[in-house]
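Observations on the model geometry
Below, each chain spelled out in residue letters.
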Amino acid sequence: MCVLAPALFLVAIDWILGHLAPEMGITLDTHFTDLAYADDAAILMSYQLQADSVLQSFNAFAAPLGLKLSWPKTWVQVTRRQQSS
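Just so it is clear, the structure is predicted and the values come from calculations on it, not from any experiment.

A count of helices and strands for the protein chain gives 2 helices and 4 strands. Ordered by position from N to C terminus, the α and β elements of the protein chain give α-β-β-β-β-α. The buried share of the protein chain, reckoned over its 85 residues, is 20%. Long-range contacts, defined as pairs at least 24 residues apart, comprise 42% of the intrachain contacts of the protein chain with a sequence gap of at least 6.

When you line up the elements, phenylalanine 32 lands in strand S2 (residues 31-32). The class for phenylalanine 32 is partly exposed, based on a relative accessible area of 33%. Considered as a pair, phenylalanine 32 and leucine 44 are 12 residues apart in the sequence and their alpha carbons are 7.1 Å apart. Aside from chain neighbours lying at most four places away, what touches phenylalanine 32 is Gly25, Ile26 and Leu44.

This next bit is on helix H1 (residues 4-18). In an α-helix, one turn spans 3.6 residues; hence positions three or four apart end up facing the same way. In a regular helix each residue adds 1.5 Å, so 15 residues correspond to 21 Å; H1 covers 21 Å between its end C-alpha atoms and thus fits that length. Among the residues of H1, those classed as buried are Ala12, Ile13, Ile16 and Leu17. Mapping the buried residues of H1 onto a view down its axis gives an arc of 130°, with all of them on the same face. Opposite the packed face of H1, turned more than 90 degrees from it, sit the exposed residues Leu4, Leu8, Val11, Asp14 and Gly18.

This part is about the packing of aromatic side chains. Applying the stated criterion across every chain yields a total of 1 aromatic pair. Residues tryptophan 15 and phenylalanine 61 carry aromatic rings whose centres are separated by 6.0 Å and whose planes lie at 80° to one another, so their mutual orientation is edge-to-face. In this pair, tryptophan 15 sits in helix H1 while phenylalanine 61 sits in helix H2 (residues 51-62), placing the two residues 46 residues apart along the sequence. Classification of tryptophan 15 by relative accessible area gives partly exposed; the value is 39%.

Position of alanine 12 relative to the elements: it lies in helix H1. We classify alanine 12 as buried; its relative accessible area is 16%. As a C-alpha pair, alanine 12 and leucine 65 span 53 residues in sequence and 7.5 Å in three-dimensional space.

Conventions adopted
Per-chain numbering applies: the sequence of each chain, read as written, is numbered from 1 onward. Only residues with pLDDT of 70 or above have their local features reported here, since the model is predicted, and side-chain atom pairs are shown and tallied only from 80 upward, although totals for entire chains, interfaces and linings are computed over all residues. Water and hydrogen atoms were dropped before computing side-chain values, which therefore reflect all heavy atoms in the structure. Per the convention used, a helix needs a DSSP run of H or I reaching at least four residues, while a strand needs a run of E reaching at least two, with both numbered from the N terminus. Residue exposure (1.4 Å probe, protein chains only): buried if accessible area is under 20% of the type maximum, exposed if over 50%, otherwise partly exposed. In this description, contact between two residues means that some pair of their heavy atoms is separated by no more than 4.5 Å. Each residue after the first adds 1.5 Å to the expected span of a helix. Summarising the geometry, the arc corresponds to the directions from the helix axis toward the C-beta atoms. Only Phe, Tyr and Trp rings take part, Trp by its six-membered ring, and two of them pair if their centres are within 6.5 Å. Stacked means planes under 30 degrees apart, edge-to-face means over 60, and tilted covers everything else.

Put into structure tokens, the structure is as follows:
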């Protein structure tokens, strides 16, 4: 079994995630921007409105590497809603 392909994929995903919008992420005790495992990634954002532009950026950075976002498998989960004033 060749372990090079998964390692190269992780390098590519890390590079893509590292180039996304610097304002994305959430802060708990430390600042988190993403969680990646195998061929899945969770991109963390403070506001739902950021999702479209960040996902479009992800696709743009992935394209030169021959990768693309699977839109049917992509979903947005909102954990808290912003209070309206």
